[in-house]
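# Observations on the model geometry
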Amino acid sequence: MQWIMLLLAGVFEVLWACTMKFSAGFSKPLFTIVTFLGYIASAVFLSFALKKLPLGTAYAMWTGFGIVGTQVLGILLFRERLSLPQAVCVLLIVAGIAGLKVLSND
C-alpha cells in the first residue's frame, strides 16, 4: 500500500508542476487552484508513504517520478525539446527509480 501512496504522490507532483506552467505565473485562477491542491495532495500522499518507507528511498523516488513525468509532459504538452544527452540522463533517473524499487526491502 505504501508504494501506491508513493506513486499517487508522484502523480500529484507532476500534476501540480504542469498546472503551475499553465497558470502563467498564477495569473489563471483555475490552474492556480489545481496547482495548490495538487501540491497539497502530493505532500499528503508522500507523508502516508513515509509511514512505512525509508525517507531516502521514498524521497528519491518521489522526485524521480516528478522529473521523469514533467519531462514527458513537457515534451507532449509544451513542445519542449529533449536532446540526446538529456534523454540519457532521464533514462538514468528511470534506472535509478527501478533500482531503488528492486533493491528495497519493503
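You'll find the structure just up there.
Residues numbered from 1 in each chain as written. Predicted model: local features only at pLDDT ≥ 70, side-chain atom pairs only at ≥ 80, totals over all residues. Heavy atoms only, no water.

## Quick look at the overall build of the protein chain
Secondary structure assignment for the protein chain yields four helices and zero strands. In sequence order, the protein chain lays out its α and β elements as α-α-α-α. Referenced to the eigenvectors of the C-alpha coordinate spread, the extents of the protein chain come out at roughly 45 × 35 × 15 Å. Among the 106 residues that make up the protein chain, the fraction classed as buried is 30%. In the protein chain, the proportion of contacts linking residues at least 24 apart, taken out of those at least 6 apart, comes to 71%. (Helix = DSSP H or I, 4+ residues; strand = E, 2+ residues; numbered from the N terminus. Buried < 20%, exposed > 50% of the residue type's maximum accessible area, 1.4 Å probe, protein only. Contact = heavy atoms within 4.5 Å.)

## Some words on the environment of Tyr59
Assignment of secondary structure puts Tyr59 in helix α3 (residues 55–78). Residues Tyr59 and Ala49, ten residues apart in the sequence, show an inter-C-alpha distance of 9.7 Å.

## Points about the packing of aromatic side chains
The full count for this structure, using the stated rule, is seven aromatic pairs. Ring centres 4.8 Å apart and planes at 50° place the aromatic pair Phe22 and Phe78 in the tilted group. Remark: Phe78 occurs in helix α3 and Phe22 occurs in helix α1 (residues 2–22); sequence separation between them is 56 residues. Accessibility expressed as a relative area gives 22% for Phe78, which makes it partly exposed. On the basis of an interplanar angle of 20° and a centroid distance of 5.3 Å, the ring pair of Phe26 and Phe36 is categorised as stacked. (Phe/Tyr/Trp six-rings, centres within 6.5 Å; stacked < 30°, edge-to-face > 60°.)

## What about the packing of α3 against helix α4 (residues 84–103)?
Closest axis-to-axis distance for the α3/α4 pair is 10 Å, and the angle between their directions is 145°. For the pair α3 and α4, the sense of crossing is left-handed. From α3, Thr57, Ala60, Met61, Gly64, Phe65, Ile67, Val68 and Gln71 reach across to α4, where they touch Val90, Ile93, Val94, Ile97, Leu100 and Lys101. Of the residues assigned to the contact of α3 with α4, the class counts are ten nonpolar, three polar and one charged. (Axes fitted to C-alpha atoms, helices over the stretch in contact; angles between N-to-C directions. Left-handed = near helix turned anticlockwise from the far one by under 90°. Nonpolar A, V, L, I, M, F, W, Y, C, P; charged D, E, K, R; others polar.)

## Description of unusual backbone geometry
Backbone geometry at Ala24 places phi at a positive 55°, although glycine is not the residue there. Even without being glycine, Phe26 reaches a positive phi, approximately 60°. Assignment of secondary structure puts Phe26 in the loop between α1 and α2 (29–49).

## Quick look at the environment of Leu76
Examined against the element boundaries, Leu76 turns out to sit in helix α3. Judged by relative accessible area, Leu76 falls into the exposed class, the value being 61%. Each C-alpha atom of the pair Leu76 and Val44 lies 27 Å from the other, and the pair is 32 residues apart in sequence.

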